[in-house]
Amino acid sequence: MIYLEKRRYLALWLDLNLGLDGYMGIAADIAIVVVAGLVGGIIAQRLKQPLILGYILAGVLVGPFGFIPAVKVSHIHDVELLAEIGVALLLFALGIEFSLKELKPVRKIALLGTPIQMLLSMLLGYGIGQVLGWDIVSSIWFGGMIALSSTMVTIKTLMNQGRLGTLSSRVMIGMLIVQDLAVVPLMIILPQLNQSSAGVGILLMAALKAAVFLTLMIFVGTRLLPNLMKLIASWNSRELFLIAITAIGLGIGYLTYLFGLSFAFGAFIAGMVLSESDYSHQALSDIMPLRDVFGLLFFVSVGMLLDPNFLLANLGIISLVVLVISLGKALIFGSLARILGYGNVVPLALGLGLFQIGEFSFVLARAALSHQAISEEAYALSLSAAIATMIMTPFVSKLTEPLYALYQKRFQHERLETINLPEQDLKEHIIIAGSGRVGRYVAQVLQRLKLAFIMIEIDYHRVEQARRLGFPIIYGNADQQVVLEAAHIQQARLLIITTPAIIVTESIVKQVRQLNSKVRIVARAQEIEHLETLHQLGVYEVVQPEFEAGLEITRQALLHLNIPATDIHSFTDRIRHELYAPLYQNFEDYQILRELSSSRPFLALNWVTLTENSPFLGHTIAELQIRNRTGSSVVAIMRDAKLKINPPVDEAFVLGDRVGVIGDQEQYAKFEKLAHDENSL
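Small disclaimer: the values here were computed from a predicted structure and weren't measured.

What counts as what
- Residues numbered from 1 in each chain as written.
- Predicted model: local features only at pLDDT ≥ 70, side-chain atom pairs only at ≥ 80, totals over all residues.
- Heavy atoms only, no water.
- Phe/Tyr/Trp six-rings, centres within 6.5 Å; stacked < 30°, edge-to-face > 60°.
- Helix = DSSP H or I, 4+ residues; strand = E, 2+ residues; numbered from the N terminus.
- Buried < 20%, exposed > 50% of the residue type's maximum accessible area, 1.4 Å probe, protein only.
- Salt bridge = Lys/Arg side-chain N within 4 Å of Asp/Glu carboxyl O.
- Pairing = 2+ DSSP bridges.
- Axes fitted to C-alpha atoms, helices over the stretch in contact; angles between N-to-C directions.
- Contact = heavy atoms within 4.5 Å.

Q: How should the packing of aromatic side chains be read in this particular structure?
A: How two aromatic rings sit relative to each other is set out by the distance from centre to centre and by the angle between their planes. Summed over all chains, the structure comprises five aromatic pairs. Summarising the aromatic geometry, the rings of Phe-616 and Phe-671 are spaced 5.5 Å apart at their centres and angled 75 degrees between planes, so their arrangement reads as edge-to-face. Placement of Phe-616 in the loop between strand 8 (605-609) and helix 27 (621-624) and of Phe-671 in helix 29 (residues 665-676) is noted, with a sequence separation of 55 residues between them. A residue is classified by how much of its surface remains accessible, and Phe-616, at 0% relative accessible area, is buried. Its relative accessible area of 0% is what places Phe-671 among the buried residues.

As structure tokens, this is what we get:
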């Protein structure tokens, strides 16, 4: 009996340990992947590269071709299965973010030019595949992969270069949105090509299924899902809300899989349906961390299948493929932009900014490999080319401005587009670099003051806004010599730089100082740390908007706490002085302005209304001896909606008069007491 009990416990112990080993196997693999992804992400961040490149590098190190046996992933297939969730969540978030409003300013090139670009790029990829000796299906898959550019890499590059918000960046983002949407039909159509019986009928059937599912989601999902989200949100459980949106994305994805379509397609449609609800922003903010974690698993799993030995053995052919793809796509993007009416720097910016292969090409590559549509060698070559073009993007894109400047110098006969410029030569005028909201506010004030000014703007839609407002403006880049000369920088008295991007500001200041070393510059700083940088460049007037907004909010908040206005002003002025004074300690005008600004609250005009009990009624200013008794001065009287400035000393006060008084807070308090206290006289 005891022996049987021992055997039972032993069997139970073995079952637990065997199960634990299996469990720890996949758990250990996930731990390795996440830690490796973190290390790779940190390296990519320090090198100012997109994080996905760090994740892919991490996948190479922990995959079967890695160099460190102790940290190799042992259950690669399980990690790949989890990575599929990452793909679904990527497209789910893309569906939530999708908005036709973003395409409206550049809808012509985005909706018309992008399909043409993708078709031409696919033909380029097909041609490369045929030259390499691949079959037709593999070549078409490869064409689909290279037709996509990288949204993540492009946006990060634009941010680092301070070019977000320009016309070229808006065109890029518009085309990238349409490219990302094109992933969905590609995921539906391309797998059908691998079937031996594939034909127009099968493709039409896949398209019909997608249309039916989309119709059902629009008519059913748009009525059901928003109400469901409203109900769950009313319970005020953030945890349940997160689970609900995750279940919607993955659950609808599974329904499409059962329907015979792509799992990721269903997740995308679910995101699009949710994007129209009132809870789309909350859903997107909640799903982002989950998407990023599973996205990490996906990109690491991509790197696991990249063989460094293949890369080294085929370095020559990979380099040639990268060169052909880069030049071909750059030419396609630049030509389309020019044909569709975009001039100046836009075609060059598009060609040098969107030539790379995008992150969704990894999704297509994995799908092609799982459907056995491409060989492992073709997969490795596709990944190598994609990674190489991504790494090249920040460096190649940075050539846009110098190449455009070289072009302008060589073709100086090219006329800059100017709007509302005065016919006479500009002298002693003000130049505003940037016509965004800040620039327009400044221009409106200068226009009312009848001061001569001219604006410079690279974003054509902002140029059109300035045209409608009647502002004089030049369409161009403010850091280009030819543009500054057109704005008569040599004769200008002041330059105002309204862009928050420090890189753009530095570039403008350096160019301006070469053309006019004496012009005063007022600049906007995005960060406190940028104040010293701009000061070293010779910019002595810098405004940090967030700091000023913080002080103003503090000032208004303190007023509600009944703290004396003089104390509030002294406090905020001292804080402002601590920030700006180190930069301007040798700048005499700043010290004068500070003293004048400090005296403002003490010279403020205060108003007192005379009531029926006021002892002032019927008496003159001279009789009341206001100056001697209070130290304040009466400088105005508002009577019957008419203002009398500097009233004579023999002016008698009447009921309802509003008396304007200048003095410090103590003097004003004495005057107010004298005007309302019946026993004060």
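Next comes the rest of the write-up.
Q: Help me understand the pattern of salt bridges, please; the structure alone is not making it clear to me.
A: Oppositely charged side chains may form a pair once their charged atoms are brought near each other. One pass over the structure, following the stated rule, counts five salt bridges. Between Glu-552 and Arg-555 there is a salt bridge, with its nearest N and O atoms 2.8 Å apart. Highlighted residues: Glu-552 and Arg-555, both in helix 24 (residues 545-559), separated by three residues, approximately one helical turn. With relative accessibility at 32%, the residue Glu-552 sits in the partly exposed group. Note on Arg-555: relative accessible area 30%, which makes it partly exposed.

Q: Where do I start with the sheet that holds strand 11 (residues 658-662) in this structure?
A: One key point about sheets: their strands pair by backbone hydrogen bonds, in either a parallel or an antiparallel sense. Spatial strand order, 8-11-9-10: four strands in an open sheet with antiparallel pairing. Of all strands in the sheet, those with a lone pairing partner are strand 8 and strand 10 (642-645), marking the two edges. Strand-to-strand, the axes of this sheet are offset by a mean angle of 25 degrees, without reference to chain direction. In the sheet, strand 8 pairs with strand 11 via five bridges, with the strands oriented antiparallel. When the bridges of strand 11 are listed, Val-608 appears paired with Val-659. Along the sheet, helix 29 makes contact with strand 8, strand 9 (633-639) and strand 11, crossing strand 8 at roughly 10 degrees.

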